[in-house]
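# A closer look at the structure
So you can see what is in the structure, the chains are spelled out below.
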Amino acid sequence: MHSTLRPLIEAAERGDRSAADALFSALYSELHRVSKRELARQGGAVSLGATTLLHQAYIEIAAKEGTSFPDCGRFMAYASRVMRGLIIDHARSRSAQKRGGQFHITSSGAALENAADDRELTRIGEALDEFARTDPSLAEIVDLKFFCGFTFAEIAAMKAVSERTVRRQWEEARIYLHRRISRDLEA
Amino acid sequence: MSTLSPERWQAVRPYLDQVLSLPEDERATWLELFRAERPDLANLLQELLQEHRALSHEHFLEQSPVSDTIESSLPGQKIGAYTLISPIGQGGMGSVWLAERSDGRFERKVAIKFLRFSVASQGGAERFKREGRILGQLGNPNIAELIDAGVTPNGEPYLVLENVEGEQIDEYCDRHKLELDARIHLFLDVLNAVAHAHANLIVHRDIKPSNVLVSNDGQVKLLDFGIAKLLADDMTSATNTLTAEGGAPLTPLFAAPEQVTGGAITTATDVYALGLLLYLLVTGQHPAGPGPHSPAELVKAIVDTEPRPASELISSVGGEALAERRATTPEKLRHGLRGDVDTIIAKALKKPPAERYSSVTALADDLKRYLKHEPISARPDTIAYRTSKFARRNRVPVALVGLALILVAAGVAGTLIQARTARKQRDSAFRERDRADRIAEFMTGIFKASDPNERLGTITAKELLDKAANDIDTGLSKDPELQASMMHVIGRAYMYQGLYPRAQSLFERAINLSSSAGQQEKREKLNTMHDLAWALLQQGRQAEAESVERTLLDLQRGALGVDHPDTLATMSELGYTLCEEKKDCAEGVKLNQEVLDKQKRIMGPEAYYTLVTMNNLAILLAEDGRPAEAEKLQQEALEIHLRVFGPENLSTINAMVNLAEFQRDLGRTEDAKKLALQTLDIERRVFGPNQPETAVTKYDLATLLARDGQTAEALSLLRDAIDHGLPPLMDSQIEKDVLFDSLHRDPRFAALVAHAKERTSSSQHTN
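The sections below set out a description of the structure shown in this document. Owing to the predicted nature of the structure, the values given are computational and were not obtained by experimental measurement.

Membership of the largest hydrophobic core comes to 62 residues, with the highest contact counts inside it found for Met76, Phe131 and Leu177 of chain A together with Trp9 and Leu16 of chain B. The element contributing the most residues to this core is helix α4 (residues 72–97) of chain A, with nine residues. In this structure, Ala193, Ala310, Ile345 and Tyr357 of chain B belong to the second largest nonpolar core, which totals 57 residues.

Turning our attention to the environment of Glu10 of chain A. All names here are of chain A. Here Glu10 lies in helix α1 (residues 5–13). Note on Glu10: relative accessible area 30%, which makes it partly exposed. Separated by ten residues in sequence, Glu10 and Ala20 place their C-alpha atoms 9.3 Å apart.

A separate point is unusual backbone geometry. Despite not being glycine, Ala160 of chain A shows a phi value in the positive range, around 55°. Tracing the backbone through its elements, the reader meets Ala160 of chain A in the loop between α7 (152–159) and α8 (163–186). Phi at Lys177 of chain B is positive, roughly 50°, even though this residue is not glycine. Mapped onto the secondary structure, Lys177 of chain B falls in the loop between α5 (169–175) and α6 (180–199).

For the coordinates displayed, the defined rule picks out 33 salt bridges over all chains. The salt bridge partner of Glu629 of chain B is Arg626 of chain B, with a shortest N-O separation of 3.1 Å. Bridged by salt links that share partners, the residues Arg84, Asp129 and Asp143 of chain A form one connected network.

Moving on, we get to the sheet that holds strand β9 (residues 220–222) of chain B. Residues and elements named next belong to chain B. Strand order in the open sheet formed by three strands is β7-β8-β9, and the pairing between neighbours is antiparallel. In this open sheet, the two edge strands, each paired with only one partner strand, are β7 (166–168) and β9. If you compare each strand with its neighbour and ignore which way they point, the axes differ by 35° on average. With three bridges connecting them, strand β8 (residues 212–215) and β9 associate as antiparallel partners.

Turning our attention to helix α14 (residues 360–371) of chain B. Residue and element names in this part refer to chain B. The terminal C-alpha atoms of α14, which comprises twelve residues, lie 17 Å apart, in line with the 16 Å expected from a rise of 1.5 Å per residue. Of the positions making up α14, those classed as buried are Val360, Leu363, Ala364, Asp366, Leu367, Tyr370 and Leu371. Viewed end-on, α14 has its buried residues packed into an arc of 160°, placing them on one side of the element. Summarising the contacts, the buried residues of α14 are in contact with α6, α9 (267–283), α12 (330–337) and α13 (340–348). A positive backbone phi angle near 60° is found at His373, which sits one or two residues after α14.

Residues and elements named next belong to chain B. Interhelical geometry of helix α23 (residues 565–582) versus helix α25 (residues 608–623) gives an angle of 25° and a closest axis separation of 11 Å. Considered as vectors, α23 and α25 are oriented roughly parallel to each other. Every pair of crossing elements has a handedness; the one defined by α23 and α25 is left-handed. The segment α23 lies against α25, with Ser572, Gly575, Tyr576 and Cys579 engaging Thr613, Asn616, Ile619, Leu620 and Glu623.

What follows covers the packing of helix α1 (residues 6–20) of chain B against helix α2 (residues 27–37) of chain B. All names here are of chain B. Interaxial distance between α1 and α2 falls to 10 Å at its minimum, and their mutual angle equals 150°. If you check the angle between α1 and α2, you find them roughly antiparallel. Contacts between α1 and α2 involve Tyr15, Gln18, Val19 and Leu20 from the former and Arg27, Trp30 and Phe34 from the latter. Its residues assigned to classes, the contact of α1 with α2 shows five nonpolar, one polar and one charged.

Residues and elements named next belong to chain B. Within the fold, Asp746 resides in the loop between α31 (728–734) and α32 (747–766). A distance of 2.8 Å separates the side chain of Asp746 from the backbone nitrogen of Arg748, its partner in a polar contact. Sequence-distant contacts of Asp746, that is, excluding residues within four places in its chain, are made with Thr711 and Leu715.

What counts as what
Residues numbered from 1 in each chain as written. Chains lettered and ligands numbered in written order. Predicted model: local features only at pLDDT ≥ 70, side-chain atom pairs only at ≥ 80, totals over all residues. Heavy atoms only, no water. Core = buried A, V, L, I, M, F, W, Y, C linked by side-chain atoms within 4.5 Å. Buried < 20%, exposed > 50% of the residue type's maximum accessible area, 1.4 Å probe, protein only. Helix = DSSP H or I, 4+ residues; strand = E, 2+ residues; numbered from the N terminus. Salt bridge = Lys/Arg side-chain N within 4 Å of Asp/Glu carboxyl O. Pairing = 2+ DSSP bridges. Axes fitted to C-alpha atoms, helices over the stretch in contact; angles between N-to-C directions. Expected span 1.5 Å × (residues − 1). Arc of directions from axis to C-beta. Contact = heavy atoms within 4.5 Å. Parallel < 35°, antiparallel > 145°, perpendicular 65-115°, else oblique. Left-handed = near helix turned anticlockwise from the far one by under 90°. Nonpolar A, V, L, I, M, F, W, Y, C, P; charged D, E, K, R; others polar. Polar contact = N/O pair within 3.5 Å; in protein donor to acceptor, adjacent residues only side chain to side chain.

Read these as spatial facts, not as claims about activity.
Have a look at this one:
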């Protein structure tokens, strides 16, 4: 059995730029579709955890694509990049328009609807884009950990490395991003 | 600051990796040696390490940018006698708002805490208010006052609390550089407050630094007394106030062993948490070591690992800063802890509750003896004693530890995204992620077993699901609500695999469970019923599906309202079921027309669900023998789809497939063919050439070609469909399909029919 995402993933892994773009938009629309449907199911009153969303999407895509579909780890690596895009797009649009009607992803925590937070998120996104060019594997850890909420244990399993290694890589990525962002602020 | 170009980063990163793998107190020495080796990189590396300390302090990137909470409250909204002013935080159980009395009778501002669960039944709301009143009578200057408790009209429970301004006890101690004895004195105030609550038969269950504040005038204030219990009571039925079975720990890092293994929660649970708090205050560290921790590590630390004596944590090399915050030297601090303080903490932290201090007062008495240099009551462990305990501890059932792992996994994710200090809310309880995420973690565990790197033999998705379904029965019986949720999710996973009977049985059991837990109106149950109807319909059990949908519709109208999106979705689907079941498509058309009108008004004419209903209504119109109306509506729906979603979208493809079918029924073969070809093209891109969806469109196109007399093309396309993903159910239909009438005398068609049948029977054998 062949599938559509699989050749895209393979081509993207060979460095095919347009395949990577196509993969991104295919996953984007898939995550969008799943989140939209799940939110609609729940009357839009509840937002979704990122990991829940990714798992739901993985279950559905894997069921549709059949046995040839890549393992969960590789899928999550791509999907987490897309999830970052979804979250940052959302933050951008929200800092522009403030409280909009429909939402797919809500900002969290202490800063409910806090525009400063959205700007910070946008900055993190920009720094991460740049980081992904310098050190793609570390940038991916940030997508999985920060944007998708996976635990170190889960990421370690996906990457087939020890948890200690993931922890260290996470700290390294944080150092890089923190420095980049604080320097931006000074500049 | 030196610049950090990609090249510099690549050069320094291996060394950064190396230095980060060292314990903190060895890094300075290492860096000195490194400076001799690589003077060009040493300064940069040192800066990066400083950066690391700064970002750890800020909790940089530790808080998730995505929340999963219900955010229905707004500034200015009136809650009971209060008006919300601004959100001040996100606690472990829900959001917290600053509020003031609407009538301006008191100047004092309060904190209103919304709890993230709904009290659906009237009985639940009453019980919640009653428990809240009991807690409100605690009246102790060291316990943050609970002023009121209530339930919003939406069924969301809330607490009105004294608004405490202060800082976490550990941070307070460090900032004031309190020495060991002063810390113990302050800790005695905490014990005093907890003892008072215990005397009133209330257990805290969630003692941790963020729940113990010191106000600006130096007064200890305990937050969230007994609130964990209110939460747990929503899930289990109320038993007596002092002990309840198996409340899941809210904060795994500070959970006692019995909270992890599902044992009885008693005053001894608080004694344990207090022991941890004291450990943290004197050593600056958690016994499990510096975090973050994986769920497995944490469970092991809580259930199994004997904590290192507090004094052993004070190292001579890295301990200066720690000791300095206690106005002493590492040597003196270690000396002060060794012996009595070590022994007292060890006794509070015993794994079996019965071996801890028998009460908070007993713990306080020993600490007071220590301060007065009198002999304490607790005795250090002996070797023989440890051995006997080890044997007992190993009897903790493996299944229970497995379950605990899931629960802790859910909570641990929360501890890793602790709120940032800069904007710290007064109550920075670790977030308990909601149930859906626990389930996701559970599913992750299952998927992990299928990870190529961890493969144990070949496990299919179905086997994994079967294993998960079994685990629910054995592991989760103490939390019927969570059990029901898991059944629902696993049922859905079965459904996505086409295993409808299994899905059905799990859905039915989930629904029964939620009834017996008295959760009639719970959303989860409604969603499960919705899925159950679908699983029944997929098995051709339309009458049963209809009955489920009618019951569901009544429940939804009552609980959610007649115009709620879910209610409307069920109405639409009921119309569809009726059409399939009784061939009464006129009734179905009527229902869907009504839904469509409402959706256009409420959600807008281009909303996803409005479009889904347009697709459905078009099908029902066609089934009702009104193909012209069907075609017109479908054409309209397709245009909106293309505009809103673009061509490469499942719902758009649906609209195209349907429209081609209606055009064919109206005899517009050319239009239908053109559309089917377009659809096929998109499906090849979206699904892949060998997927069932693509194959079915090939089949449809073959019927059109056959009708048009293009026999060879029709046969070749049909064969293509059969060989590349046509669902087996359709194989048997080919022979009978009137749309292929023109081919019936062609021997090649008969051969193809035989080929299809052969394939079906062989695939049945292999299944």
